[in-house]
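Letter by letter, the chains look like this.
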Amino acid sequence: MSTSIRRIGIVGGGQMGAGIAEVCARAGLDTVVCEADAATARAARERVAVSLERAVQRGKLDRISAEDAQARLLFTGALEDLADRQLVIEAVVENAEAKIEIFTALDKIVEDHEAVLATNTSAIPVMRLGMATGRADRVLGLHFFNPVPVLPLVEIVTSLHTSAEVTGLAAEFVRDTLGKTAIHSQDRAGFVVNALLVPYLLSAIRMAESGFATATDIDDGMVLGCAHPMGPLKLADLIGLDTVAAIADSLYDEFKEPLYAPPPLLQRMVQAGLLGRKTGRGFHMYGRD
């Protein structure tokens, strides 16, 4: 039963990891967030605190609930502090080698072999991560969307080894405990959403790269002409251009379709550290909070 999952571990306290930790704590779960060291753990704590305060200021959450959520959160720089967790969600940088290293370590650290190990990857094959453990049947993808406290969707991604029990457990957890909507995907790069979304973003980048239209005109065209809530280049900036490039690389590696290949402009912007909203500059300029 999903109601039996009360102890959650999150590996990574960046934008996605902090958001997942927040929704777990707000759902009444005992949540431990593990970062690389004590300094980055403190930064993750502050990230969640700022998000909770923003929810209070916007009237989405009352003060007592925000304080209760913070009380359920523990931040650490030691992976060993996840030993007693029933569900661990990895949410580190979109890099296969880094994720494999974490899953190998979690397999040794997490004591309960009935525990579920999940990845928030956007595109890396779940099978590859599961095979880094001795419990591939307990490994699956739980792909949340940014900003996690706001967007209601989670993709559940199962590998050839993931058991039906774990799939059902994950679906109940997403729906009944977190109150989100789950969709299911086979273990293919990009899953459902990014397999459709990323080629669209890359097409917009190629259009800007060619000089066919400006970034502002491209975005205005899709917002005002197609009623999209956000233009493709602003959306790429929000996701992070490094993440968009990493997803594109994974899609191209798997399918070898030209529409998945990251455009040279995207690659150069990543090399230049122009990653979008999080760095203050991408296809648009942003004020730094």
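In this report, we go over the structure that sits alongside the text. (Residues numbered from 1 in each chain as written. Predicted model: local features only at pLDDT ≥ 70, side-chain atom pairs only at ≥ 80, totals over all residues. Heavy atoms only, no water.)

If you tally the helices and strands in the protein, you get 11 helices and 8 strands. Against the 2.2 N^0.38 benchmark of 19 Å for 289 residues, the protein shows a C-alpha radius of gyration of 19 Å, consistent with a compact globule. Taken over the C-alpha atoms alone, the protein extends approximately 55 × 45 × 35 Å along its principal axes. Within the protein, residue pairs in contact and separated by at least 24 positions form 68% of the contacts whose partners lie at least 6 positions apart. Put simply, the protein shows about 13300 Å² of open surface, and 54% of that area lies on carbon and sulfur atoms. Side chains of the protein give 28 positive and 37 negative charges; the mean places of these two sets differ by 4 Å. (Helix = DSSP H or I, 4+ residues; strand = E, 2+ residues; numbered from the N terminus. Rg over C-alpha atoms; globule rule 2.2 N^0.38 Å. Contact = heavy atoms within 4.5 Å. Areas by Shrake-Rupley, 256 points an atom, 1.4 Å probe, with all protein chains shown as cover. Lys, Arg positive; Asp, Glu negative; His and termini not counted. Charge placed at Lys NZ, Arg CZ, Asp CG, Glu CD.)

What follows concerns the nonpolar core. Nonpolar side chains tend toward joint burial in soluble globular proteins. Counting 41 residues, the largest nonpolar core has I8, I20, L87, I89, L142, F144 and F173 as its most contacted members. Looking at which element gives the most residues to this core, the answer is helix α1 (residues 15–26), with 7 residues. For I8, the residues in contact, after removing those within four places along its chain, are C24, L29, D30, T31, V32, R85, L87 and F173. (Core = buried A, V, L, I, M, F, W, Y, C linked by side-chain atoms within 4.5 Å. Buried < 20%, exposed > 50% of the residue type's maximum accessible area, 1.4 Å probe, protein only.)

With that out of the way, let us pick up the packing of aromatic side chains. Here the structure, examined in full by the defined rule, presents 1 aromatic pair. Between F255 and Y260 the ring centres are 5.6 Å apart and the planes differ by 40°, which places this aromatic pair in the tilted class. Given a relative accessible area of 12%, Y260 falls into the buried group. (Phe/Tyr/Trp six-rings, centres within 6.5 Å; stacked < 30°, edge-to-face > 60°.)

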